[in-house]
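Coordinate analysis (summary)
The lines below spell out each chain.
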Amino acid sequence: MKTRMPFLIKYVNLLLLLLLVLLTGCSLGGRIYEKYDQVQAARRYELDLNYRFFERRSPMLNMEQTIVKEVTPKGRNCTVYDALVLNSLSYQVKDELFIIIDDEVFKPAVTSLEYDNSREIQEKSEEVMRADSSTVKVVTGYTENNKKITRFSYSLDTSMIDGLRNATTVLLRYYAGPDMITIKLKGLKLKKLKKLIEKD
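Residues numbered from 1 in each chain as written. Predicted model: local features only at pLDDT ≥ 70, side-chain atom pairs only at ≥ 80, totals over all residues. Heavy atoms only, no water.

1. Some words on the packing of aromatic side chains
Our working rule: Only Phe, Tyr and Trp rings take part, Trp by its six-membered ring, and two of them pair if their centres are within 6.5 Å. Stacked means planes under 30 degrees apart, edge-to-face means over 60, and tilted covers everything else. What counts as a helix is a DSSP run of H or I of at least four residues, what counts as a strand is a run of E of at least two, and both are numbered from the N terminus. Note on exposure labels: buried denotes an accessible area under 20% of the residue type's maximum, exposed denotes more than 50%, and partly exposed covers the range between, all computed with a 1.4 Å probe on protein chains only. Consider the ring centre and the ring normal. A charge sits over the ring if Lys NZ or Arg CZ is within 6 Å of that centre and within 35 degrees of that normal.
Summed over the entire model, instances satisfying the criterion amount to 2 aromatic pairs. Arranged with centres 6.3 Å apart and planes meeting at 80°, the rings of F98 and Y175 form a pair that is edge-to-face. Of the two residues, F98 is situated in strand β5 (residues 98–101) and Y175 in strand β9 (residues 170–176); the sequence distance between them amounts to 77 residues. Judged by centre distance (5.7 Å) and plane angle (40°), the rings of F152 and Y174 are tilted. Here F152, found in strand β8 (residues 135–156), pairs with Y174, found in strand β9; they are 22 residues apart in sequence, far enough to count as distant. Here F152 matches Y174 in class, with each residue buried. The aromatic ring of Y51 is capped on one face by K189, whose charged end is 4.9 Å from the ring centroid.

Now the structure itself:
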């Protein structure tokens, strides 16, 4: 039995490591979806990326990003859709953003911009025992969670796409009042973006 123990421990550790790799892979990079738009006679490639924030001083909570490449008889274009979610105390995000590719700064033209507020109310409750020993659920209060949402869309021009092809470092930069919000595109996310760019 003693000789089997180290083998079992190694086996369990290997399974846990495999599970961690699978979960991390799913959270770091998205899958590229291919669709056909018969109206525009376009092949569409879509990549969804999610970013979570754990910086205590940053107002950013998370960001959802969708990058769409369209291939039509007239040419190719790449459009990015960013949805930034900030805490309720955050200042409004400025109507501009910057892409820093290997220390070269680009300012894409924002094609659409929306501001929104999200309000969630959660009920707090606890179980209270009655005289007959049965329990009943009693509402003890409510918590309100407010968030500010900013939605950007912008196109990547030829110079940006050329820079992204061979990029080692890509940063997205937004400003909200005194806060400088920086998102780093790296690892599997960056590989997926490069793969999307090469789709034809």
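2. Re the sheet that holds strand β3 (residues 60–72)
Which entries qualify depends on this criterion: A pair of strands is considered paired only if DSSP assigns at least 2 bridges between the two. Comment: axis = line fitted to C-alpha atoms, over the contacting stretch for helices; angle = value between 0 and 180 degrees taken between N-to-C directions.
Judged by pairing direction, the sheet is antiparallel, and its 6 strands sit side by side in the order β1-β2-β3-β4-β8-β7 without closing on themselves. What marks the edges here is a single partner per strand, and that holds for β1 (32–37) and β7 (110–129). Pairs of neighbouring strands in the sheet enclose a mean axial angle of 20°, with direction left out of account. Both β1 and strand β2 (residues 42–52) contribute to a ladder of 6 bridges, which runs antiparallel. Residue Y36 lies in a different strand from β2, and its bridge partner there is R43.

3. A look at the sheet that holds β9
Keep this limit in mind: We call two residues in contact whenever any of their non-hydrogen atoms come within 4.5 Å of each other.
Overall, antiparallel pairing links the 4 strands, which are arranged β6-β5-β9-β10 in an open sheet. Strand pairing shows two members of the sheet lacking a second neighbour, β6 (104–106) and β10 (179–185), which therefore form its edges. In this sheet, neighbouring strand axes are inclined to one another by 25° on average, regardless of whether the strands run parallel or antiparallel. By the bridge criterion, 3 bridges tie β5 to β6 in an arrangement that is antiparallel. Looking at the pairing, I101 lines up with E104 of β6. Docked against the sheet, helix α2 (residues 158–165) engages β5, β6 and β9, running at close to 40° with respect to β5.

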